[in-house]
Amino acid sequence: METLGSTTVVCSDKTGTLTENQMTVRALWTPAGIVEVTGSGYAPEGQLLDSAGHLAAPEENAALYWSLLAGACCNNAVLTFNAGQWALVGDPTEGAMAVVAAKAGLDRAELVSAHPRLAEIPFSSERRYMATLHGLPDSGLVVFAKGAAERIADLCAGQMDAAGAIDPLDRAAVLAATEELAGSGLRLLATAMARLPADRMKPAEFNPGMLADTLVLTGLQAMLDPPRPAAVTAVQACHDAGIAVKMITGDHAVTAAAIGRHIGLLADGGRQEGRVLTGADLATLPNEKYPEAVERATVLARVSPEQKLRLVEAPQARDHVVAMTGDGVNDAPALRRADIGIAMGRGGTEVAKDAADMVLTDDDFATIEAAAEEGRGVFDNLTKFIVWTLPTNIGEGMAILVAILLGLTLPILPVQILWINMTTAVALGLMLAFEPKEAGIMRRPPRDPNRPLLTSGLMVRILLVSALLVTGTWWLFEWELAGGADMAEARTAAVNLFVAVELFYLFSCRSLTHSMWRIGPCTNRWLLAGVGVQILAQLGITYLPAMNQVFHTAPISVGAWLHIGALALIASAVVALDKRLRRQIM
């Protein structure tokens, strides 16, 4: 938590972290034109509409039919209907492709039965496509493939028109359509197919090497993965806190840039400024320019899991504290290398969770921002407790040490020191753990990781309070003796002064920069309860005969209490003055 609170760079996955990971196909592009898809979610309820607003019939558009068929068959997702709700088991992208086929009236169970799968080339980040081999009702074979548009285009020699004819591939038109749809923030997958004679291939021979220049492009399926509503606010909060957010995705660069603009990572999508880099861009960067380029970029598209490790190391080389999110097996090295690795609890693999420092149970970026805020609060409260408790221990030690060195009577007995430490640590110091986060905690820059826990300003304050405790204790002890009090009464007054100064100083330590009145004296009810308990304990050790006997104390006069209160107020005033002079110590 403390590390996350001092994080300066967060490298976050897009899908499922900055977005909802609930894909819905919004448009289908084929060489014959664009088809709009209505409806959202995993319920197969919606329509396919052509450019004139009429229902698009797959049986009248061969390219559309084969694109839907490829998306439904080259697919491992399963849609279920339970308790009146549709749910998905599997990848959301594949779920969206199965749903749009159902919206077109294609029953997936019938399709799978008519086109049994015989072999599969699974998706990988290196290939960026998936392909399956199926049987046809006429005893032939068909290959279906889906994947990144530019990758599928590389494998295709032709494209299908509405009549089913095969034309030469117009790669420029395909990439232009990709750019146009991606510019709207849509995630794109291309679909392709190839008919094969039954004697052309055996399923065991199906491999990636045989697909080049054999496929026919059938279309593009454009999906919307809406940004999480809280992502925009969370990203802005990170920016206000001086935390750079970098979105890492395998999507097309234009799609990634559109999402980046929507959630506030980009003011514009201009790649000329180096704000958007692709995996290919990163691969060509020389080593000496790599850290600077990564620091300037905010959107990293078409990034492979293997590149994530270097994306972590680059900011670290420039003294950044890096938090990294990941969910896959290949993300494990980057999660381990990051200053704080964050695995996805819902979609993450066990390997990723084991390699990470934290597991994000809701896979939501807003939770990372909230955790960073909590981390800052935890570190603040830890520092406040140390700054509060050290003067007590130093003051007690110095009071005893001065008496021993000068051969004087001890102003406080060891058993009384034990009482102070035992009661104040629980009733007073522990209550700082419940201190609410200060306003503006996420509007200040991250803590420098090389900065010591206790700065020079805080050390001066600790020594100042220690000196006030020692001086005040000796003055009051001698004053009481000079006024006719016996040794037990003088020591009791000294014990109560120690606790009173600690109590007043506790309120000062609730903020190391601002006054108690600015943060509100009653905002920590646990602290008020602890103060009440401590006051009752001090009255008990002062006036209860049994405790007088155990701790060698005695009842003291009203005048002694007035002196204790006056000295505690003076000490508080000195600390307040020091705080005013050192506004920048945090």
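A brief look at the structure comes next. All of these numbers come straight from a predicted model, not from anything done at the bench.

Once that is clear, we can look at the overall build of the protein. Secondary structure assignment for the protein yields 21 helices and 19 strands. The C-alpha radius of gyration computed for the protein amounts to 35 Å, which surpasses the reference 25 Å derived for 586 residues by more than 25%, pointing to a less compact arrangement than a globule. Oriented by its inertia axes, the alpha-carbon framework of the protein measures out at about 115 × 55 × 45 Å. Within the protein, the proportion of its 586 residues that are buried is 52%. Partitioning the intrachain contacts of the protein with sequence separation of at least 6 by distance along the chain shows that 68% fall at a separation of at least 24. Entry remark: accessible area of the protein is about 25,200 Å², with carbon and sulfur atoms responsible for 59%. Taken together, the 45 basic and 60 acidic charged side chains of the protein have centroids lying 5 Å from each other.

Attention shifts here to the environment of R128. Its location among the elements puts R128 in the loop between β7 (117-121) and β8 (129-135). Its relative accessible area of 26% is what places R128 among the partly exposed residues. For the pair R128 and R151, spaced 23 residues apart in sequence, the C-alpha to C-alpha distance is 6.8 Å. Dropping the residues within four chain positions of it, R128 is found in contact with F123, G147, A148, E150, R151 and R302.

Locating D13 in the fold gives a position in strand β1 (residues 9-13). Among the polar contacts made by the side chain of D13, one reaches the side chain of K308 at a distance of 2.9 Å. Setting aside anything within four residues of it in sequence, one finds D13 in contact with L18, I248, K308, T325, G326 and D327.

Time to look at the pairing of strand β10 (residues 156-160). The two faces of the sheet receive side chains in turn, since in a regular strand these alternate between them. With four of five residues buried, β10 lies mostly within the body of the structure. Both β10 and strand β13 (residues 215-224) contribute to a ladder of three bridges, which runs parallel. Following the sheet pairing, Q159 is matched in β13 by L217. Relative to strand β11 (residues 166-168), β10 runs antiparallel, the two sharing three bridges. Bridging across to β11, G158 finds its partner in P168.

Moving on: the packing of aromatic side chains. Applying the stated criterion to the full structure yields eight aromatic pairs. When the ring of W66 is compared with that of F144, the centres are 6.1 Å apart and the planes differ by 40°; the resulting orientation is tilted. Of the two residues, W66 sits in helix α2 (residues 62-73) while F144 sits in strand β9 (residues 141-147), which places them 78 residues apart along the sequence. The exposure classification of W66 matches that of F144, with both residues buried. Cluster of aromatic residues (ring-pair linked, three or more members): Y65, W66 and F144. One residue, R310, lies across the ring of Y290, its end atom 3.8 Å from the ring centre.

The seven strands are arranged β15-β16-β14-β1-β17-β18-β19 in an open sheet whose pairing can be described as parallel. In this open sheet, the two strands that pair with only one neighbour each are β15 (276-278) and β19 (358-360). Going from strand to strand, the sheet's axes swing by 20° on average, the running direction of each strand aside. Relative to the sheet, helix α11 (residues 305-317) contacts β1, β14 (244-248), β16 (299-301) and β17 (322-326), its axis offset from that of β17 by approximately 170°.

We now examine a nonpolar patch on the surface. Taken together, the side chains of I394, M398, L401, L405, L406, L408 and L463 make up a nonpolar region of the molecular surface, amounting to roughly 650 Å² of accessible area. For the nonpolar patch, the leading source of residues is helix α14 (residues 365-406), giving five residues. Position of L405 among the secondary structure elements: in helix α14. Exposure remark for L405: the relative accessible area of 66% places this residue in the exposed category.

Take the packing of α14 against helix α17 (residues 487-509) next. Viewed as axis vectors pointing N to C, α14 and α17 meet at an angle of 160°, and their least axial separation amounts to 10 Å. Taken together, the axes of α14 and α17 lie roughly antiparallel to each other. Crossing handedness for the pair α14 and α17: right-handed. Residue-level inspection shows K384, V387, W388, P391, T392, G395 and E396 of α14 in contact with α17, the latter providing F498, E502, Y505, L506 and C509.

The end-to-end C-alpha distance of helix α6 (residues 171-182) is 16 Å, a good match for the 16 Å that 12 residues give at a rise of 1.5 Å each. Among the residues of α6, V174, A177, T178, L181 and A182 are the ones counted as buried. Taken end-on, α6 shows its buried residues confined to a sector of 125°, consistent with a single buried face. Residues of α6 that are exposed and point more than 90 degrees away from the buried face comprise A172 and E180. In this structure, the buried side of α6 is in contact with β2 (24-30), α5 (149-155), β10, β12 (187-196), β13 and α8 (253-263).

What follows is about helix α19 (residues 525-543). Taking 1.5 Å of rise per residue, the 19 residues of α19 would be expected to cover 27 Å, and the 27 Å separating its terminal C-alpha atoms lies within 8% of that figure. Among all positions in α19, only L527, G530, V531, Q534, A537, Q538, G540, I541 and T542 are buried. At the N-terminal boundary of α19, the capping side chain belongs to N524, with an oxygen 3.2 Å from the backbone nitrogen of W526.

So, about the side chain of T19. Position of T19 among the secondary structure elements: in the loop between β1 and β2. Overall, the relative accessible area of 0% leaves T19 in the buried class. Setting aside residues no more than four positions away along its own chain, T19 makes contact with K14, D225, P226, P227, R228 and I259.

Here the focus is the pattern of salt bridges. Taken as a whole and assessed by the stated rule, the structure comprises 18 salt bridges. The partner of E313 in a salt bridge is R337, with the nearest N and O atoms 3.8 Å apart. Taken together, the residues span a long stretch of sequence, with E313 in helix α11 and R337 in helix α12 (residues 332-337) at a distance of 24 residues. A relative accessible area of 32% means that E313 is categorised as partly exposed.

Parameters and conventions
Residues numbered from 1 in each chain as written. Predicted model: local features only at pLDDT ≥ 70, side-chain atom pairs only at ≥ 80, totals over all residues. Heavy atoms only, no water. Helix = DSSP H or I, 4+ residues; strand = E, 2+ residues; numbered from the N terminus. Rg over C-alpha atoms; globule rule 2.2 N^0.38 Å. Buried < 20%, exposed > 50% of the residue type's maximum accessible area, 1.4 Å probe, protein only. Contact = heavy atoms within 4.5 Å. Areas by Shrake-Rupley, 256 points an atom, 1.4 Å probe, with all protein chains shown as cover. Lys, Arg positive; Asp, Glu negative; His and termini not counted. Charge placed at Lys NZ, Arg CZ, Asp CG, Glu CD. Polar contact = N/O pair within 3.5 Å; in protein donor to acceptor, adjacent residues only side chain to side chain. Pairing = 2+ DSSP bridges. Phe/Tyr/Trp six-rings, centres within 6.5 Å; stacked < 30°, edge-to-face > 60°. Lys NZ or Arg CZ within 6 Å of the ring centre and 35° of its normal. Axes fitted to C-alpha atoms, helices over the stretch in contact; angles between N-to-C directions. Patch = residues over 30% accessible without salt bridge, like charges linked within 9 Å, V, L, I, M, F, W, Y side chains within 5 Å. Salt bridge = Lys/Arg side-chain N within 4 Å of Asp/Glu carboxyl O. Parallel < 35°, antiparallel > 145°, perpendicular 65-115°, else oblique. Left-handed = near helix turned anticlockwise from the far one by under 90°. Expected span 1.5 Å × (residues − 1). Arc of directions from axis to C-beta.

Remember that the coordinates give geometry; whether it matters functionally is a separate question.
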